[in-house]
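This is what each chain is made of:
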Amino acid sequence: MSQQKKYTLAIILITSLFFFWGFIHNLDPILIPHLRNAFSLTTLQASLVDSSVFIAYFLLAIPAGLIMKKYGYKTGILIGLILFAIGCFLFVPAANTISYPFFLGALFIVACGLTILETAANPYITVLGDPSKATQRLNFAQSFNGLAAFIAPIIGGNYILSEEPLSTDKIAALSEQAKIAYIQAETSAVKGPYMILGIIILIVACVFFFTKLPDIKDSETDQKKGFFHALKHKNVSSAVIAQFFYVGAQVSVLSFIVMYATEIAHVTPSNAKYYAGVAGLAFMIGRFVGTFLMRYISPAKLLSIFAASAILLTVVVIYGSGVMTLYAMIGIAFFMSIMFPTIFAFGVEGIGSDTKSASSLIIMAIVGGAIIPPVLGLISDTTGNLQLGYYVVLICFAVVLLFALRNKQTKVEVKDSVH
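Cut-offs used in this document
Residues numbered from 1 in each chain as written. Predicted model: local features only at pLDDT ≥ 70, side-chain atom pairs only at ≥ 80, totals over all residues. Heavy atoms only, no water. Helix = DSSP H or I, 4+ residues; strand = E, 2+ residues; numbered from the N terminus. Buried < 20%, exposed > 50% of the residue type's maximum accessible area, 1.4 Å probe, protein only. Polar contact = N/O pair within 3.5 Å; in protein donor to acceptor, adjacent residues only side chain to side chain. Patch = residues over 30% accessible without salt bridge, like charges linked within 9 Å, V, L, I, M, F, W, Y side chains within 5 Å. Areas by Shrake-Rupley, 256 points an atom, 1.4 Å probe, with all protein chains shown as cover. Salt bridge = Lys/Arg side-chain N within 4 Å of Asp/Glu carboxyl O. Expected span 1.5 Å × (residues − 1). Contact = heavy atoms within 4.5 Å. Core = buried A, V, L, I, M, F, W, Y, C linked by side-chain atoms within 4.5 Å.

Asker: Account for the environment of Thr383, naming residues and giving values.
Answerer: Along the chain, the position of Thr383 falls in helix H20 (residues 368-383). The partly exposed category is assigned to Thr383, whose relative accessible area is 42%. Side-chain polar atoms of Thr383 contact the backbone oxygen of Ile379, separated by 2.7 Å. Within the structure, the side chain of Thr383 is placed 3.2 Å from the backbone nitrogen of Asn385, a separation counted as a polar contact.

Asker: Requested: an account of a nonpolar patch on the surface, with residues and values cited.
Answerer: On the surface, Met195, Ile199, Ile203 and Val207 cluster together into a nonpolar patch covering about 330 Å² of accessible area. One can find Ile203 in helix H11 (residues 191-210). Taking relative accessible area as the criterion, Ile203 reaches 51% and is therefore assigned exposed.

Asker: How would you sum up H20? Please name residues and give values.
Answerer: For H20, with 16 residues, the first-to-last C-alpha span of 22 Å sits near the 22 Å given by 1.5 Å per residue. Where H20 is concerned, the buried positions are Gly368, Gly369, Ala370, Ile372, Pro373, Pro374, Leu376, Gly377 and Ser380. Immediately beyond the C-terminal end of H20, within one or two residues, lies Gly384, with a positive phi of roughly 70°.

Asker: Mind laying out the side chain of Ser52, listing which residues take part and the relevant values?
Answerer: Positionally, Ser52 belongs in helix H4 (residues 48-71). On the basis of relative accessibility, which here comes to 10%, the residue Ser52 falls in the buried class. Dropping the residues within four chain positions of it, Ser52 is found in contact with Leu104, Leu107, Phe108 and Ala111.

Asker: Report on the nonpolar core, specifying residues and quantitative values.
Answerer: As a rule of thumb, soluble globular proteins bury nonpolar side chains together. Ranked by size, the top nonpolar core spans 132 residues in total, and within it Ile14, Leu17, Phe84, Phe208 and Tyr390 carry the most contacts. Here this core takes 14 residues from helix H7 (residues 100-127), the largest share from any one element. Setting aside residues no more than four positions away along its own chain, Ile14 makes contact with Ile77, Ala121, Tyr124, Ile125, Leu128 and Phe208.

Structure follows, in structure tokens:
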């Protein structure tokens, strides 16, 4: 009974991390149009917000895995939280110096912390408790990531977005002194929210430090295995590819929704944040609904249904017009909700001591969020049509659908994991 209570506390604390990194990620849809306006950026330049975040997953995932293999999950979580907080605090000097590269650097430090947190928390939640319920448990924890996706754009929009931002032409017409004053005012708006978040994260780090958690370390024999040994498992290598494209699609959909709402559906910036919030709500509901449906439908089959639905709705986003396209975008958020945790669960299933290495490799694939959005931005800037950029998203969901069908055909035993 005491062991079960120990697992319950650990699961609660780890689940809180899913909320916090979901919150910081879902401030990006607000940050992108805000910085784009303040610094008069192109769509491609604005997409570097996502690139600076998700390139960290490529660079830090393997070091994060090595930290956990040697020191365990708890140490990895503490290091991740500290970097997370430091990155948040760096938004203050970034705003004071009105430097876009400084903002990108602060985001990179935040993302370094998130990389370590996700590399630790995703596999940790699967090994805490009944192994047969690992997929269901991970989807449930990820649901709180969805809750953050609902809350963050609304809170961030209220504190960061300007009610009446100046157009690029009006900014260009300002005197140099007035332009600097305007940019200073716009960039200063981000200081408060990120400072508060940084303080909260430090408090969470203290809670983890003083809480005794069950830790699972590899034996010395397992630690001597090559890091890429996990790729010998077919489910790991295919999950790495699928996760790359899925994260690229997710970031493209959620990060550009405010920009899409204003440019394509002609919604005011102050109202666009609410569509981002509703998309986050749909994402959260999709996680809870998906977790429930996995009691009756195998994860592979459900993933294929959700991926096919996302593809159809992406067609509407590309060819539709008006507010209908925003409803389609919200629908995509619902259907992509289960993709990350389900792909992850397939990737680490039944691989024993290779789990931590596999986790790092799958988290490393999140670099798709750094590469795919700039491709969307480049297509949009080149064609002068933001909607055409979403062909990239269409391709990404097609890859996820193929992954789901492959796992269904190869009969990967995941169905038992949700009962």
